[in-house]
Amino acid sequence: MAREGLSAASGRVKVRVESDRCQGHGQCNLLCPEVFQFDDQGFARIVDERVPPHLEDDVERAVSNCPELAIRVER
Ligand code: SF4
């Protein structure tokens, strides 16, 4: 029974950053640092592509605020 809860918590939404578009502005990190970090060169790096349900709204805000339209979400 507890396993079902864990499965639901892993999230059904997936996120990725198109590295050829990302310019390292950092808005995504400001809005959702749990999901968006930076690589060694200052570009966005996804911590885990599966978005926890409680962070879905923050990820959507990051999508809306990325100036390069580099963030993609799959449902
Ligand atoms: S906001 Fe967009 S362009 Fe800026 S670091 Fe994040 S993904 Fe890259």
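**Q** Could you clarify how one ought to interpret the overall build of the protein chain in this entry?
**A** In terms of helices and strands, the protein chain carries 3 helices and 5 strands. Taken across its 75 residues, the protein chain has 28% of its residues classed as buried. Counting contacts in the protein chain only where the partners sit at least 6 residues apart, residues at least 24 apart contribute 62% of the total. For the protein chain, the exposed surface amounts to about 5,300 Å²; the carbon and sulfur share of it is 47%.

**Q** How should I be thinking about the confidence of the model for the protein chain in this particular structure?
**A** Low pLDDT means the predicted atomic positions in that stretch should not be read closely. Predicted confidence across the protein chain gives a mean pLDDT of 89, with 87% of residues reaching 70 or more. Here residues 1–8 scores under 50 on pLDDT; set against residues more than four positions off or in separate chains, the count is 1 contact.

**Q** Honestly, the pairing of strand β1 (residues 13–17) in this entry has me stumped. Any pointers?
**A** Successive residues of a regular strand alternate their side chains across the two faces of the sheet. Burial along β1 is one-sided: the residues Val13, Val15 and Val17 are buried and none of Lys14 and Arg16 is. Two elements, β1 and strand β4 (residues 50–51), share 2 bridges in a ladder whose sense is antiparallel. Its bridge partner being in β4, Lys14 is matched across the sheet by Arg50. With 4 bridges connecting them, β1 and strand β5 (residues 71–74) associate as antiparallel partners. Following the sheet pairing, Val15 is matched in β5 by Val73.

**Q** Hey, could you run me through the nonpolar core in this one?
**A** One recurring pattern in soluble globular proteins: nonpolar side chains tend to sit buried together. If you look at the biggest cluster of nonpolar residues, it comprises 17 residues, and the most contacted ones within it are Val15, Val17, Val35, Phe36, Val59 and Ile71. At the level of secondary structure, the elements contributing two or more residues to this core comprise β1, β3 (44–46) and α3 (56–65). Examining the composition of this core, we find that 3 residues originate from one element, β1, more than from any other. If sequence neighbours within four positions are ignored, Val15 has contacts with Val35, Phe36, Ile46, Asp48, Glu49, Val51, Val59, Ile71, Arg72 and Val73.

Conventions and cut-offs
- Residues numbered from 1 in each chain as written.
- Predicted model: local features only at pLDDT ≥ 70, side-chain atom pairs only at ≥ 80, totals over all residues.
- Heavy atoms only, no water.
- Helix = DSSP H or I, 4+ residues; strand = E, 2+ residues; numbered from the N terminus.
- Buried < 20%, exposed > 50% of the residue type's maximum accessible area, 1.4 Å probe, protein only.
- Contact = heavy atoms within 4.5 Å.
- Areas by Shrake-Rupley, 256 points an atom, 1.4 Å probe, with all protein chains shown as cover.
- pLDDT = per-residue confidence, 0-100.
- Pairing = 2+ DSSP bridges.
- Core = buried A, V, L, I, M, F, W, Y, C linked by side-chain atoms within 4.5 Å.

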